[in-house]
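Observations on chain architecture
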Amino acid sequence: MTQNDGLLRRAGALAIAYVESIDDRAVAPTPEALAALARFDEELSDSGTEASSTLELLADAGGPATMASTGRQYYGFVNGATLPVALGASMLVNAWDQNAALPVMSPVSAALHDVARRWLVDVLGLPGETDVAFVTGATVANASCLAAARDALLAEVGWDVQRDGLFGAPPIDVVIGAQAHSTLRKSLGLVGLGRERVTVVPADDQGRIRAGDLPDASTLDGPVLLCAQAGEVNTGAFDPFDELADWRDEFEHGWLHVDGAFGLWALADPTRTELVAGLTRADSWATDAHKWLNVTYDCGIAFVRPDGALRRTFGAVAGYLPPESGFEAMHHTLQSSPRPRQIEVWAVLRTLGRHGLADLVQQASVCAVVIAERLRDAGFEVLNDVVLNQVLVRYRDPATTERLIDAIQTDGRVWCGPTQWRGGTAMRISVSSWKTTIADAEVAADVIIECSEWEPSSDR
């Protein structure tokens, strides 16, 4: 065994030890673990340090200072855990160190892209011609879809964005909901359509677009880009997609985009057909695989239905590039040197199958209902209809809720985060780990209730 072999075996052993112990520690780092991060703050040496020493320091000081987001009791930010097969595939991918830009650079990456694309489109019920691009996350997936939408809409009215830019281009009317995610606005700004140059449609008490308040089609002059969402970030609510698609169809040049960072996976659950009604009528969709599919960070997916739209926007020409020979990732995303994220997606889909993927969605959603019911019975105000994996609660009032969240995070047995909802602080509980069982959900609710008991009642 060479020295490098020993180093990699030790790294593997340290990683496995971390995975095996993650549910035996506090969800958040202890104060001591955070203080130990100071060990990394050293001067860069002239002659370097033994690789084994570097790995030991990383594991010893770094591991305890991680959030246990891969465990069973982390409910923050819709951060998915990691399925074992995804972690194993990631290890192989890192060992292979492939650039997935072109088939000639990585035949396996190109082949597994085709398979993963076909399986994703099939299991989500999207139109068969839909193109798929694997990117860093839903923010870049949204930006990719919106850039493709921008170019397609303007091409329909005779303007070539890639050739002529946006100066002097016909205006696009962008319509979003009042509860659109902040990263959607960021993506609109990134592709030159503007964060604030939008028509904002009011939302209902769950954050859904009020379709009846959409602008009268006769008042909009240019091509129209309507942005909807599957899974409001606080409530998990879904916009009324059939009504939105009908409105889009009133325009000669219209595009419906859906931000489905976690909610798009509800399409894989046959018990949620009413929730997702009309969702597949959109023109593009953005999601994260590192959320509910539980692959490693980072992995987002852009889905674009019109044939050739992604390539129109991201295609590149250079003398050293070979003739087209299959799917070429560099011509469908912003990146020219992408990691082959599709390999982990393929591994998870192959392992879970249709039923396993549906079970992943159902299990988290059932756990969310269990938590909501248990908290409601204990006097908490549940602010949302629990239709998926999100629970939004308030305890007594916003100020008390803030103190409760601090107490929960200090306690360390579970982790939930704050959000602002309807003018005050609320607590957001996001269930998105494959590990979380009904028993775990009951424990989580009980811990939250226990942490609330320190607060003196208002009549004392």
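Everything in this summary refers to the structure shown in the same document. Nothing here was measured: the structure is a model prediction, and the numbers come from that model. Counting from 1, residues in each chain are numbered in the order their sequence is written. Thresholds applied to this predicted model are a pLDDT of at least 70 for local features of residues and 80 or more for the giving and counting of side-chain atom pairs; totals over whole chains, interfaces and linings are not thresholded and use all residues. As a rule here, side-chain values cover all heavy atoms of the structure and leave hydrogens and water aside.

**Remarks on the overall build of the chain**
- A helix here means a DSSP run of H or I that spans at least four residues, while a strand means a run of E at least two residues long, and both kinds are numbered starting from the N terminus. A tally of regular secondary structure across the chain gives 13 helices and eleven strands.
- Each radius of gyration is computed over the set of C-alpha atoms, and the globule rule expresses the reference value as 2.2 Å times the number of residues to the power 0.38. Against the compact-globule benchmark of 23 Å for 460 residues, the chain has a radius of gyration of 24 Å, which places it among compact chains.
- The dimensions of the chain, computed from C-alpha atoms along their principal axes, are 70 × 60 × 45 Å.
- Between buried and exposed lies partly exposed: a residue is buried under 20% and exposed over 50% of the maximum accessible area for its type, with that area taken using a 1.4 Å probe on protein chains only. Classification of the 460 residues of the chain by burial places 51% in the buried group.
- Residue contacts are counted whenever heavy atoms from the two residues lie within 4.5 Å of one another. Considering only residue pairs separated by 6 or more positions, the chain has 73% of its internal contacts joining residues 24 or more positions apart.
- Summed over its atoms, the accessible surface of the chain is roughly 20600 Å², and 52% of this surface lies on carbon and sulfur atoms. Values of accessible area rely on a 1.4 Å probe in the Shrake-Rupley scheme; residue burial ignores everything except the protein chains shown.

**What to know about the nonpolar core**
- Buried residues of nine kinds, namely Ala, Val, Leu, Ile, Met, Phe, Trp, Tyr and Cys, make up a nonpolar core once their side-chain atoms join them within 4.5 Å. The biggest cluster of nonpolar side chains holds 82 residues, and the ones touching the most others in it are Trp-265, Leu-279, Ile-429 and Ile-448.
- Take this core: its biggest share by element is 13 residues, from helix 11 (residues 342-377).
- Apart from the residues lying within four places of it in its own chain, the contact partners of Trp-265 are Leu-120, Leu-124, Thr-287, Asp-288, Ala-289, Trp-292, Leu-293, Ile-301, Leu-357 and Val-361.

**Looking at the side chain of Asp-131**
- Along the chain, Asp-131 falls in strand 1 (residues 131-135).
- Of the side chains with opposite charge, Arg-117 lies nearest to the buried Asp-131, which makes no salt bridge, at 5.7 Å.
- Excluding residues that lie within four positions of it along the chain, Asp-131 makes contacts with Ala-302, Phe-303, Val-304, Gly-308, Leu-310 and His-332. A positive count includes Lys and Arg, and a negative count includes Asp and Glu. His and the chain ends are not counted in either. The salt bridge criterion pairs a side-chain nitrogen of Lys or Arg with a carboxyl oxygen of Asp or Glu, the two atoms within 4 Å.

**A word on the sheet that holds strand 5 (residues 254-259)**
- In this scheme, strands are said to pair when DSSP sees at least two bridges between them. Pairing within the open sheet is mixed, and its seven strands lie in the order 1-7-6-5-4-2-3. Either end of the sheet is taken by a strand with one partner, and the two such strands are strand 1 and strand 3 (199-201). Taking the axes of each pair of neighbouring strands and ignoring which way they run, one obtains an average angle of 20° across the sheet.
- Pairing of strand 1 with strand 7 (residues 300-304) involves five bridges; the strand directions are antiparallel. The axes used here are C-alpha line fits, helices contributing only the stretch in contact, and every angle between their N-to-C directions lies in the interval 0 to 180 degrees.

**Thoughts on the packing of helix 4 (residues 84-96) against helix 11**
- The N-to-C vectors of helix 4 and helix 11 enclose an angle of 150°; their axes lie 9 Å apart at closest approach. Judged by the twist between their axes, the crossing of helix 4 over helix 11 is right-handed. Along the contact surface, helix 4 presents Val-85, Ala-86, Ala-89, Ser-90, Val-93 and Trp-96, while helix 11 presents Ile-343, Glu-344, Ala-347, Val-348 and Thr-351.
- Throughout this entry, Asp, Glu, Lys and Arg are counted as charged residues, while Ala, Val, Leu, Ile, Met, Phe, Trp, Tyr, Cys and Pro are counted as nonpolar. The remaining residues, Gly among them, count as polar. For the contact of helix 4 with helix 11, the class distribution of residues is eight nonpolar, two polar and one charged. The sense of a crossing depends on the near helix, which, turned anticlockwise from the far helix by less than a right angle, makes the crossing left-handed and, turned clockwise, makes it right-handed.

**Side note on helix 6 (residues 138-156)**
- One less than the number of residues in a helix, times 1.5 Å, gives the span that helix is expected to have. Compared with the 27 Å implied by 1.5 Å per residue over 19 residues, the 27 Å span of helix 6 between its first and last C-alpha is a close match.
- Across the 19 residues that make up helix 6, a large majority, 15, are buried.
- In the stretch just after helix 6, Gly-158 is the one whose phi turns positive, near 90°.

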